[in-house]
Amino acid sequence: MEHMYELKNTDTIISPSLIYYEEIIRENIKKAIRTAGSPERLWPHVKSHKSKDMVRMQMEYGITKFKTATVAEAEMAAEAGAEKVILAYPLIGPNMERFVKLAKAYPDTVFYGVEDDLAQFEALSGVCVEHDAVLPMLVDVNMGMNRTGVPIERLEELYRSASSLPGLRLCGMHCYDGNHNNKDAAVRQAEVDDTDKKVSDIMERLNRDGICCELAVAGGTPSFPCHAGATRWYLSPGTAFITDAGYYMNLPDLAFIPGAAVMTRVISHPAKGVFTTDLGYKAIASDPAGQRGYIVGLEDAVPIIHSEEHWAFRLEDENRIPAIGTCLYVIPTHICPTTALYPEILVAKDGQVADRWQVTARNRRITY
């Protein structure tokens, strides 16, 4: 695996730089499609890359629906020609009007919002009526992660209440479950089966009573294969297409290969057994807690100091310490916030930089 990430002709590449590996990413896209059964069933999240070029690459394989976390990401997906876009984040404050204006500006794309609170649904209803708009909506369901979403025991009541509000057209459920990430695939499947059954029962009752609730979009990278077998819902992995060290090391059953690395250079040998790189935490995500990335070929190097512009490591075998100026490739533990640190991505193919992608939705606003 070590030589998969090495680049030729690095003399003109500044460090640190974010590298995406086209061949690996294309294989990950194909693998996600096989897992889902078809590209039509995938509704992938764009937050891992925030790149219009990546959206277009996925569209080459027949993926036309995308999930987003910001209004800027939603605009980016629409600009790329997405058929359907979910803004999978509660609409509050000025984001309500921004999103409604965005939806009216791109009539060829169907935009869905999510909320998990009746007062927020009512406020959004008022904005839609004011702008003479009807916005398709999903109720955000708390699948046990306790981050956003209405608890399942209150889900049906909220859905029934919100379904009658003017300016909104309730269509179904948004069911993200980042908590379903147990390393044991059987345990993960059982947890998914339990919550999916509860939500499915509620959807059936609503539809039986003539309240439209046909659409469900579920899962993240760890759980989407579980939902694929348990339901006929749409599936919304995000990181899978790029994949980082966190999922690769903790969830080996997923079999997606890390498709991104940060190229860094050794800048110092400050002490015996220690080498320092220029990969500070301004260039690689500072979450989660613990090790923030792994050096390809030197995975046993132990981080000892990580600051804004420096990352120092210790190796027991001094003979393996790379020379000053050596290019190293670090697989981030968490690729999503790492990508957001860069204005552009260098795209590697056949061992050299073949393209440059802008991180289109890195900022919170594009137009709207």
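Residues numbered from 1 in each chain as written. Predicted model: local features only at pLDDT ≥ 70, side-chain atom pairs only at ≥ 80, totals over all residues. Heavy atoms only, no water.

### With respect to the overall build of the protein
And then number 1: Summing up its helical and strand segments, the protein has ten helices and 17 strands in all.
And then number 2: Relative to its length of 368 residues, the protein is compact, with a C-alpha radius of gyration of 22 Å against a globular reference of 21 Å.
And then number 3: Counting only C-alpha atoms and orienting by the principal axes, one finds that the protein spans roughly 70 × 45 × 35 Å.
And then number 4: Distance from the positive charge centre (38 side chains) to the negative charge centre (49 side chains) of the protein: 2 Å. (Helix = DSSP H or I, 4+ residues; strand = E, 2+ residues; numbered from the N terminus. Rg over C-alpha atoms; globule rule 2.2 N^0.38 Å. Lys, Arg positive; Asp, Glu negative; His and termini not counted. Charge placed at Lys NZ, Arg CZ, Asp CG, Glu CD.)

### Some details on the nonpolar core
And then number 1: Membership of the largest hydrophobic core comes to 94 residues, with the highest contact counts inside it found for Met173 and Phe275.
And then number 2: Tallying contributions element by element places helix H3 (residues 71-79) first for this core, with six residues.
And then number 3: Split by domain, this core shows at least three residues from each of two domains, domain 1 (8-16 + 254-356) and domain 2 (21-240).
And then number 4: Counting 15 residues, the second largest nonpolar core, distinct from the first, contains Leu7, Ala261, Met263 and Leu346. (Core = buried A, V, L, I, M, F, W, Y, C linked by side-chain atoms within 4.5 Å. Buried < 20%, exposed > 50% of the residue type's maximum accessible area, 1.4 Å probe, protein only. Domains from an automatic or database assignment.)

### What to know about the UniProt feature "domain: D-serine dehydratase-like" (unreviewed entry) in the protein
And then number 1: According to UniProt, the positions carrying the feature "domain: D-serine dehydratase-like" (unreviewed entry) are residues 259-349.
And then number 2: Segment residues 259-349 splits into 5% helix and 44% strand. End C-alpha atoms: 11 Å apart. (UniProt positions renumbered as here; feature names shortened; annotations may be inferred.)

### What to know about the pairing of strand E13 (residues 302-306)
And then number 1: Bridge analysis of E13 against strand E14 (residues 311-314) gives four bridges, and the strand direction is antiparallel. Residue pairing across strands places Ile305 opposite Ala312, the latter belonging to E14.
And then number 2: Linking E13 to E14, which pair antiparallel, is a turn of four residues. (Pairing = 2+ DSSP bridges.)

### Remarks on the domain arrangement of the protein
And then number 1: As far as domains go, the protein holds domain 1 (8-16 + 254-356) and domain 2 (21-240).
And then number 2: Centre-to-centre, using C-alpha coordinates, domain 1 lies 33 Å away from domain 2.
And then number 3: Of the roughly 1,500 Å² buried at the junction of domain 1 and domain 2 (both faces included), carbon and sulfur atoms supply 61%.
And then number 4: It is Leu254, Phe256 and Cys336 in domain 1 that bury the most area against domain 2; as a group they hold 38% of the surface buried on that side.
And then number 5: At the boundary of domain 1 and domain 2, one finds one salt bridge.
And then number 6: Applying the counting criterion to the domain 1 and domain 2 interface returns six residue pairs in polar contact (both at pLDDT 80 or more).
And then number 7: Mapped by element, the contributors of at least two residues to the side of domain 1 that touches domain 2 are strand E10 (260-271), helix H10 (335-339) and strand E16 (344-349). (Buried area = accessible area lost by both parts, 1.4 Å probe. Salt bridge = Lys/Arg side-chain N within 4 Å of Asp/Glu carboxyl O. Polar contact = N/O pair within 3.5 Å; in protein donor to acceptor, adjacent residues only side chain to side chain.)

### Brief notes about a nonpolar patch on the surface
And then number 1: On the surface, a cluster of nonpolar side chains totalling about 250 Å² of accessible area is made up of Val302, Ile304 and Ile305.
And then number 2: By relative accessible area, which is 45% here, Val302 ends up partly exposed. (Patch = residues over 30% accessible without salt bridge, like charges linked within 9 Å, V, L, I, M, F, W, Y side chains within 5 Å. Areas by Shrake-Rupley, 256 points an atom, 1.4 Å probe, with all protein chains shown as cover.)

### Here we look at empty space enclosed by the protein
And then number 1: One pass over the full model with this rule turns up one cavity of 30 Å³ or more.
And then number 2: Taken as a whole, the largest cavity spans an internal volume of roughly 60 Å³.
And then number 3: Lining of the largest cavity is provided by Thr221, Ala240, Thr243, Tyr247, Tyr248, Leu251, Pro252, Leu254, Ala255 and Phe256.
And then number 4: Its residues assigned to classes, the lining of the largest cavity shows eight nonpolar, two polar and no charged. (1 Å grid on protein atoms, 1.4 Å probe; cavity = no way out; pocket = protein on both sides within 12 Å on 5 of 7 lines; lining within 4 Å. Points joined across faces, edges and corners; volume = space filled by probe spheres on them. Nonpolar A, V, L, I, M, F, W, Y, C, P; charged D, E, K, R; others polar.)

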